[in-house]
Amino acid sequence: MILGGTLIPLDTLISEGILKNMNIHFKRDQKLKNAKAENAIGYLFIAPSVLFFTIFVAIPILLTVFVLDFTNYSLISPARFIGLDNFRALFTDPDFGTVMLNTLKFISFIAPMHIILGLVLALAVTSIKNKYLMGFFRTTFYFPLVVTTASVAIVWGFMFDFNFGVIDYYLRLFGITPVHWLTSTKWSLLAVAIFSAWKFIGNAFLYYLIGLQNIPDSYIEAASIDGANGRQILFGIKLPMLTPTLFFVIIITLINCFQMFDEPYFLTKGGPGVASQTIAMHIYRKGFGEFQIGYASTLGVILFAIVLAVTFIQLYLQKKWVSYDYE
Amino acid sequence: MKKLRILVVIALAISMMMSLIACGSGTTTQNATTQAVTAPASSAPAESSNAPASTASGEKVKLKISLFSDGQNLSQTQKDVFALFTKEHPNIEPEFMYITSDTGNWNGYLTKIQTMIAGGQAPDVAGLGLEGVAMMVMNNIAMPIDDYIQAHQDELGPVTKNIPKALADIFVVDGKTYGIPYEANSVVTNINMDRFTEAGLEMPKADWTIDDLKAIAPKLSDPTNGKYAFGVPTNFFCLQALLYSNGGSPLNDDWSAGAINSPENIEVFEFLQDAIKKGWAPQPEPSINDVQLMTQGRIAIGWWGRWVTNDFVASGVKNIYVQNLPKMKSQKTCAGSAAFIVLNSTKYPEEAKTLATWTAKYDYVNTFMAKGSLPANTDYAAQICPALGVPQNWQAYTDVYAQNNWRRSQDPPEYAELGFVYSKYMNIIYANQMPVKEALDKAQEEIQQVFANSQYRKDPANLKLIDSLFKN
């Protein structure tokens, strides 16, 4: 064999392991080639998603953050650069403070309800031994999620109606003064929160259910053999092993709460006045009701910054309480 | 095998990408197709030199026409009327775009039209309520049609002569005409006659007053059984009628500032808020509107134009009587008109103008307004309104024009922002969440802020256009 212009006998190549090395290199090159081909296939598979993401998510985000919020764009007239005017307008917007406060109120009510009640429901359902009953409850709690928000909001709207709603009917029946659920600044937030909890609690419930079902039975059996009672199993095994799911649910719930739109939009239209309007509704109103796309973009950037900050704080804090080492 | 797999993957990826790209290319494709079947321009006016006209070749021009819809498609009769148009103009084929409004009025419809324009899906011809005239003209979206009217005086003259000049002037901005009104609704008092009969009351006379209303309200109210004298207006257009009737208005006379906290307006809002407290009117709920309350017989009186007769007829409610508004300081009501306008972006201005002006003629008006809404043409109204049989005393709708007992709705180009302010404080006042004066003072501040921030008010040319808008 000729290597580097020198003729080398075959037995020398074998005895010095050169042929073996060459073989290894050849195999490595082949592997690399295969890997590259597989990568190319992978890239092709994700190409439509990347294209979709770029057109409908990345470019709009970049435009919003770096362009639109510094303009007075109104959809039908050309955008004009106005510097920080949109950010200054936040301080004179009569509704900005109220809608931010409303959003925080919704979060403080709905988030704990989803996070805690969803967990309680999941624990209760997993403790049911009868598989048919378990299936029934699983379907029941998840069912509201698969129904269109707009359609069930109409039903809830009738239930909350002051004059002929079933809720006020029962309040009257028990001698309690009925309330204007949807048209009172005092009650509209609660009405929307109740509807939201009913509609979306199945989401958290499902995540918890999957998390609980993923806990190996052997851990619980071992603990039972060692004499652990239900409370000890819950707090010593189930909850610690569920912390990654819990963390995920908290993140998702908070993000969803910050973006809350459907429930107040369909149930109260944000009223009375702006008493149940959220920041997401305010963005929609400014952008597509009043065509202040520039200002709506500014509001979007503010919301994005808040959600990002809250998520980062949670990511930082999770190191202190989330356990991933049970596997 | 591996190569085959790669080829399949590439083919799949390309097809998926193409389908994604195809999602956004509707307009281009459609326009290209439409243009492909049409001939070059021959009769296009000077302002649209780039427009291909089709009449010369006899090929069909497809025109997109947007209609304010209540969510239902056109009835067969309504579709057929366009067949009549196509018979008259075989080279033009209208394509309908039914646009619903999530706000229940023209504002929501206009929002969607604006979004369509921004998205490159603008119709060629669009139905337009008076609310949007200033905005459409000031954003250079609408095309004047004076040349067409001038050239077709023989054909259009008999139509326009029976449209009250003031109603037509709503569509004239800075001396240019943008549409011929086909519809003109005036807000009047609608009365459920059965409820009046039950209470042993006579129908009110034309000169009835707010004191008369206050006197009969307790007799018509039984809140424990869900029966009320009247429904407070939830549509600001209708509420504006009551403000006018008391000598008030949301803006000052030249529309340069708010006037919502005037003593006259405060008086009206306090009357409505008190009516809810006294059980004469139900507090509005999002789940049911005031027209539905009327059809259910739960309120005896409501204030709307003829557009609600459609709901009455559909619900089998026939015993309806209409009368003037109750007299307060004056008895003026709120009215307005609607017309089809031609959009500047159309490629076929001549054909679009033909279609837009045709909607003011009898065939269209009779078909679309047989059951609801008031024709702008008084001659047509006199034929169409009595034919339906509902309501009684329908002349009350048109008398307001004959007696000049009306004012147009005040709609500057900032109508959408103002609409939100009005709606917000109407809700707050009706829900008794704030004293009327305090609420209207806040509303006034917000109106002033809308004007201060308005881009329209910063340009002298636009201010001139606002000045030129018809105001009465």
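Everything in this summary refers to the structure shown in the same document. Since this is a predicted model, take the numbers as computed values, not measurements.

1. With respect to the overall build of chain A
For step 1, the next point in the chain: A count of helical and extended segments in chain A gives 13 helices and two strands.
For step 2, the next point in the chain: When its C-alpha atoms are laid out on the principal axes, chain A stretches across 105 × 70 × 35 Å.
For step 3, the next point in the chain: Per-residue burial over chain A gives 40% buried out of 327 residues.
For step 4, the next point in the chain: Pairs at least 24 residues apart make up 65% of the contacts formed inside chain A by residues separated by at least 6 positions.
For step 5, the next point in the chain: Summed over its atoms, the accessible surface of chain A is roughly 18300 Å², and 70% of this surface lies on carbon and sulfur atoms.
For step 6, the next point in the chain: With 22 positive and 18 negative side-chain charges, chain A shows a separation of 2 Å between the mean positions of the two kinds.

2. Some words on the pairing of strand β12 (residues 333–343) of chain B
All names here are of chain B.
For step 1, the next point in the chain: For β12, the tally of buried residues reaches eleven of eleven residues, placing the bulk of the element in the interior.
For step 2, the next point in the chain: Burial of the side chains of β12 extends over both faces: Thr333, Ala335, Ser337, Ala339, Ile341 and Leu343 are buried on one face and Cys334, Gly336, Ala338, Phe340 and Val342 on the other.
For step 3, the next point in the chain: By the bridge criterion, five bridges tie strand β3 (residues 125–129) to β12 in an arrangement that is antiparallel. Across the sheet, residue Gly129 finds its bridge partner in β12, namely Ala338.
For step 4, the next point in the chain: The pairing of strand β4 (residues 142–143) with β12 spans two bridges and is classified as antiparallel. Across the sheet, the residue bridging to Met143 is Val342, located in β12.
For step 5, the next point in the chain: As defined by bridge partners, strand β7 (residues 181–186) adjoins β12 across five bridges and the pair is classed as antiparallel. Among the inter-strand pairings, Glu183 is bridged to a residue of β12, identified as Ala338.
For step 6, the next point in the chain: Of the strand pairs in this sheet, β12 and strand β13 (residues 406–408) are connected by three bridges, and their pairing is parallel. Among the inter-strand pairings, Cys334 is bridged to a residue of β13, identified as Arg407.

3. Looking at the packing of aromatic side chains
For step 1, the next point in the chain: Applying the stated criterion across every chain yields a total of 39 aromatic pairs over all chains.
For step 2, the next point in the chain: Plain terms: the ring middles of Phe160(A) and Trp181(A) are 5.5 Å apart, the flat faces sit at 45° to each other, and that makes the pair tilted. With a gap of 21 residues between them, Phe160(A) in helix α6 (residues 149–160) and Trp181(A) in the loop between α7 (166–173) and α8 (188–213) connect regions that are remote in the sequence.
For step 3, the next point in the chain: Through a chain of ring-to-ring contacts, three or more aromatic side chains come together here, namely Phe82(B), Phe85(B), Phe96(B), Tyr98(B), Tyr182(B), Phe340(B), Trp358(B), Tyr364(B) and Phe368(B).
For step 4, the next point in the chain: The ring of Tyr265(A) is capped by Lys269(A), whose NZ or CZ atom sits 4.3 Å from the centre of that ring.

4. A look at the side chain of Lys361(B)
For step 1, the next point in the chain: Looking at where Lys361(B) falls in the secondary structure, it is placed in the loop between α15 (349–358) and α16 (362–368).
For step 2, the next point in the chain: Among all residues touching Lys361(B), those that are not within four sequence positions of it are Glu155(B), Leu156(B), Val159(B) and Tyr380(B).

5. Here we look at the interface of chain B and chain A
For step 1, the next point in the chain: Between chain B and chain A, the residue contacts involve 38 residues of the former and 44 residues of the latter.
For step 2, the next point in the chain: Summed over both sides, the interface between chain B and chain A buries roughly 3400 Å², with carbon and sulfur atoms accounting for 63% of that surface.
For step 3, the next point in the chain: Scanning the region where chain B abuts chain A turns up one salt bridge.
For step 4, the next point in the chain: Here Lys424(B) ties to Asp95(A) by a salt bridge, and the two come within 2.3 Å at their closest N and O atoms.
For step 5, the next point in the chain: For the pair chain B and chain A, the number of links is ten residue pairs in polar contact (both at pLDDT 80 or more).
For step 6, the next point in the chain: Of all the secondary-structure elements, those providing two or more residues to the side of chain B that touches chain A are α1 (2–23), α4 (106–118), α19 (415–430) and α20 (436–453) of chain B.
For step 7, the next point in the chain: Looking at the side of chain B that touches chain A, the element that brings in the most residues is α1(B), giving nine residues.
For step 8, the next point in the chain: Among the residues making up the side of chain B that touches chain A, the classes are represented as 20 nonpolar, ten polar and eight charged.

6. Examining empty space enclosed by the protein
For step 1, the next point in the chain: Scanning all chains against the criterion turns up two cavities of 30 Å³ or more.
For step 2, the next point in the chain: What the largest cavity holds in volume is close to 80 Å³.
For step 3, the next point in the chain: Along the walls of the largest cavity sit Asn163(A), Gly231(B), Val232(B), Thr234(B), Pro282(B), Gln283(B), Pro284(B), Glu285(B), Ile288(B), Asn289(B), Asp290(B) and Leu293(B), which together make up its complete lining.
For step 4, the next point in the chain: Residue composition of the lining of the largest cavity, by class: five nonpolar, five polar and two charged.
For step 5, the next point in the chain: Along the walls of the second largest cavity sit Phe236(B), Ile260(B), Phe269(B), Val421(B), Tyr422(B), Tyr425(B), Met426(B), Leu440(B) and Ala443(B), which together make up its complete lining.
For step 6, the next point in the chain: Where the lining of the second largest cavity is concerned, the elements lending two or more residues are α19 and α20 of chain B.
For step 7, the next point in the chain: In terms of residues, the lining of the second largest cavity owes the most to one element, α19(B), which gives four residues.
For step 8, the next point in the chain: Taken together, the residues that form the lining of the second largest cavity break down as nine nonpolar, no polar and no charged.

7. Considering a nonpolar patch on the surface
For step 1, the next point in the chain: Side chains of Phe52(A), Phe53(A), Ile55(A), Phe56(A), Val57(A) and Ile61(A) sit close together on the surface and give an oily, nonpolar patch of about 540 Å² of accessible area.
For step 2, the next point in the chain: Tracing the backbone through its elements, the reader meets Phe52(A) in helix α2 (residues 18–66).

8. So, the pairing of β3(B)
Residues and elements named next belong to chain B.
For step 1, the next point in the chain: Along β3, five of the five residues are buried, which leaves the element largely enclosed by surrounding structure.
For step 2, the next point in the chain: Of the two faces of β3, the one holding Val125, Gly127 and Gly129 and the one holding Ala126 and Leu128 are both buried throughout.
For step 3, the next point in the chain: As paired strands, strand β1 (residues 61–68) and β3 are joined by two bridges and run parallel to one another. Among the inter-strand pairings, Ile65 is bridged to a residue of β3, identified as Val125.

9. Points about the nonpolar core
For step 1, the next point in the chain: Phe82(B), Met136(B), Phe196(B), Phe230(B), Leu272(B), Ile301(B) and Ile341(B) are the most contacted members of the largest nonpolar core, which totals 153 residues.
For step 2, the next point in the chain: Sorting elements by how many residues they give to this core places α19(B) first, with ten residues.
For step 3, the next point in the chain: Apart from the residues within four sequence positions on either side, Ile301(B) is in contact with Thr189(B), Asn190(B), Ile191(B), Phe196(B), Trp208(B), Leu213(B), Ile216(B), Leu220(B), Ala229(B), Phe230(B), Gly231(B) and Met294(B).
For step 4, the next point in the chain: The next biggest cluster of nonpolar side chains, apart from the first, holds 55 residues, and it includes Ile110(A), Ile115(A), Leu212(A) and Ile283(A).

What counts as what
Residues numbered from 1 in each chain as written. Chains lettered and ligands numbered in written order. Predicted model: local features only at pLDDT ≥ 70, side-chain atom pairs only at ≥ 80, totals over all residues. Heavy atoms only, no water. Helix = DSSP H or I, 4+ residues; strand = E, 2+ residues; numbered from the N terminus. Buried < 20%, exposed > 50% of the residue type's maximum accessible area, 1.4 Å probe, protein only. Contact = heavy atoms within 4.5 Å. Areas by Shrake-Rupley, 256 points an atom, 1.4 Å probe, with all protein chains shown as cover. Lys, Arg positive; Asp, Glu negative; His and termini not counted. Charge placed at Lys NZ, Arg CZ, Asp CG, Glu CD. Pairing = 2+ DSSP bridges. Phe/Tyr/Trp six-rings, centres within 6.5 Å; stacked < 30°, edge-to-face > 60°. Lys NZ or Arg CZ within 6 Å of the ring centre and 35° of its normal. Buried area = accessible area lost by both parts, 1.4 Å probe. Salt bridge = Lys/Arg side-chain N within 4 Å of Asp/Glu carboxyl O. Polar contact = N/O pair within 3.5 Å; in protein donor to acceptor, adjacent residues only side chain to side chain. Nonpolar A, V, L, I, M, F, W, Y, C, P; charged D, E, K, R; others polar. 1 Å grid on protein atoms, 1.4 Å probe; cavity = no way out; pocket = protein on both sides within 12 Å on 5 of 7 lines; lining within 4 Å. Points joined across faces, edges and corners; volume = space filled by probe spheres on them. Patch = residues over 30% accessible without salt bridge, like charges linked within 9 Å, V, L, I, M, F, W, Y side chains within 5 Å. Core = buried A, V, L, I, M, F, W, Y, C linked by side-chain atoms within 4.5 Å.

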